Amino acid sequence: MKKKRIVYTTDQGNLCPDCRQPVSACQCQDTAPVGDSIIRLHRQTRGRRGKAVTLITGLPLTGTDLKAVARELKNRFGVGGAIEGPDILIQGDQREVIKPLLEAQGYTVKLAGG
């Protein structure tokens, strides 16, 4: 028989599947994701009515650090953006301008896609 586990409660909302704490108080999401340590800058237009966005993937940051980088990039270029999971979306094709900024911070950056 398979054990049932609670993934949502009306008291606390969504629960983390690993530590079973509320998502807002989850401790296990503060660990850095594992990857090849290369940041990739993608240009996407799919699902956005032809308008381009820059997708930044592979950043070894989580939580408040990821939010701080996104906020810095949005303020620097005067554009909007969002965080979707471990990725950052910046409005417009900003790849050529973001690349030297991230390289100056010590990251290995590649332009991905066409």
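The structure we're discussing is the one just above.
For clarity, every value in this text was computed on a predicted model and none was experimentally measured.

A.B. asks: Break down the overall build of the protein for me, citing the residues and quoting the values.
C.D. replies: When helices and strands are tallied, the protein shows 2 helices and 7 strands. The linear arrangement of helices and strands in the protein, starting from the amino end, is β-β-β-β-α-β-β-α-β. The burial tally for the protein puts 28% of its 114 residues in the buried class. Contacts in the protein between residues at least 24 apart in sequence constitute 44% of all its contacts with a sequence separation of at least 6. In the structure as shown, the protein presents an accessible area of about 8,000 Å², 48% of it carried by carbon and sulfur atoms.

A.B. asks: Lay out the pattern of salt bridges in plain terms, naming residues and giving numbers.
C.D. replies: Inspection of the entire model under this criterion finds 2 salt bridges. Between D93 and R43 there is a salt bridge, and its shortest N-O distance comes to 3.5 Å. A residue pair is termed long-range when its members are at least 10 positions apart, and D93 in the loop between strand 6 (87–91) and helix 2 (95–104) and R43 in strand 3 (residues 38–44) qualify at 50 residues. On the basis of relative accessible area, R43 is assigned to the partly exposed category, the value being 43%. Owing to a relative accessible area of 41%, D93 belongs among the partly exposed residues under this scheme.

A.B. asks: For the packing of helix 1 (residues 63–77) against helix 2, give the residues involved together with the corresponding values.
C.D. replies: At a minimum axis distance of 12 Å, the contact between helix 1 and helix 2 shows a crossing angle of 130 degrees. Relative to helix 2, helix 1 is oriented oblique. Between helix 1 and helix 2 the crossing geometry is right-handed. On helix 2, the residues that touch L73, R76 and F77 of helix 1 are V97, I98 and L101. By residue class, the composition of the contact of helix 1 with helix 2 is 5 nonpolar, no polar and 1 charged.

A.B. asks: I'd like a description of empty space enclosed by the protein, backed by residues and values.
C.D. replies: Here the structure, examined in full by the defined rule, presents 1 cavity of 30 Å³ or more. Considered as a void within the structure, the largest cavity measures approximately 40 Å³ in volume. Together, V69, E72, L73, L101, L102 and Q105 line the largest cavity. In terms of residue count, the dominant contributor to the lining of the largest cavity is helix 1 (3 residues). Looking at the lining of the largest cavity residue by residue, the class counts come to 4 nonpolar, 1 polar and 1 charged.

A.B. asks: Talk me through the nonpolar core; I want residue IDs and the actual numbers.
C.D. replies: Core analysis: the biggest nonpolar cluster contains 15 residues, and I56, L59, I88 and I98 have the highest contact counts within it. The set of elements that each furnish at least two residues to this core consists of strand 3, helix 1, strand 6 and helix 2. For this core, the leading source of residues is helix 1, giving 5 residues.

A.B. asks: Which residues make up the sheet that holds strand 4 (residues 53–57), and what values do they have?
C.D. replies: Read from one edge to the other, the open sheet built from 5 strands follows the order 5-6-4-3-7, with strand pairing classed as mixed. The sheet terminates laterally at strand 5 (81–84) and strand 7 (108–111), the two strands that pair on one side only. Neighbouring strand axes in the sheet, compared pairwise and without regard to direction, differ in orientation by 20 degrees on average. Of the pairings in the sheet, the one linking strand 3 to strand 7 comprises 4 bridges and is parallel in character. Its bridge partner being in strand 7, I39 is matched across the sheet by V109. Its contacts with the sheet place helix 1 against strand 4, strand 5 and strand 6, and it is angled at close to 15 degrees to strand 6. In the packing of helix 2 onto the sheet, the strands contacted are strand 3, strand 4, strand 6 and strand 7, and the crossing angle to strand 3 comes to about 165 degrees.

Cut-off values and rules
Think of each chain on its own: its residues are numbered from 1, step by step along the sequence as written. The predicted origin of the model limits local features to residues at a pLDDT of at least 70 and limits the giving and counting of side-chain atom pairs to 80 or more, whereas totals for whole chains, interfaces and linings rest on all residues. Excluding hydrogens and water, the side-chain figures rest on all heavy atoms present in the structure. Note on conventions: DSSP H or I runs of at least 4 residues are helices, E runs of at least 2 residues are strands, and numbering of each starts at the N terminus. Working definition: with a 1.4 Å probe on protein chains only, accessible area under 20% of the residue-type maximum means buried, over 50% means exposed, and in between means partly exposed. Contact definition: two residues touch when any of their heavy atoms are within 4.5 Å. Per-residue accessibility takes into account occlusion by the displayed protein chains alone, with areas from the Shrake-Rupley method and a 1.4 Å probe. Counted as salt bridges are all cases of a side-chain nitrogen of Lys or Arg within 4 Å of a carboxyl oxygen of Asp or Glu. Axis geometry follows a simple rule: fit a line to the C-alpha atoms, using only the stretch in contact for helices, then measure angles between N-to-C directions, giving values from 0 to 180 degrees. Under this scheme an angle from 65 to 115 degrees is roughly perpendicular, one under 35 degrees roughly parallel, and one over 145 degrees roughly antiparallel; angles in between are oblique. Crossing chirality is assigned from the near helix's rotation relative to the far helix, an anticlockwise turn below a right angle marking it left-handed and a clockwise turn marking it right-handed. In this classification, the charged set is Asp, Glu, Lys and Arg, the nonpolar set is Ala, Val, Leu, Ile, Met, Phe, Trp, Tyr, Cys and Pro, and all remaining amino acids, among them Gly, are polar. Computed over the protein atoms alone on a 1 Å grid, cavities are sets of points where a 1.4 Å probe fits but cannot get out and pockets are open sets with protein on both sides within 12 Å along at least five of seven lines; a residue lines them when it has an atom within 4 Å of a point. Grid points are joined across faces, edges and corners, and a volume is the space filled by probe spheres set on the points. Throughout this description, the term nonpolar core refers to a set of buried Ala, Val, Leu, Ile, Met, Phe, Trp, Tyr and Cys residues connected via side-chain atoms within 4.5 Å. Two strands form a pair only when DSSP identifies at least two bridges running between them.

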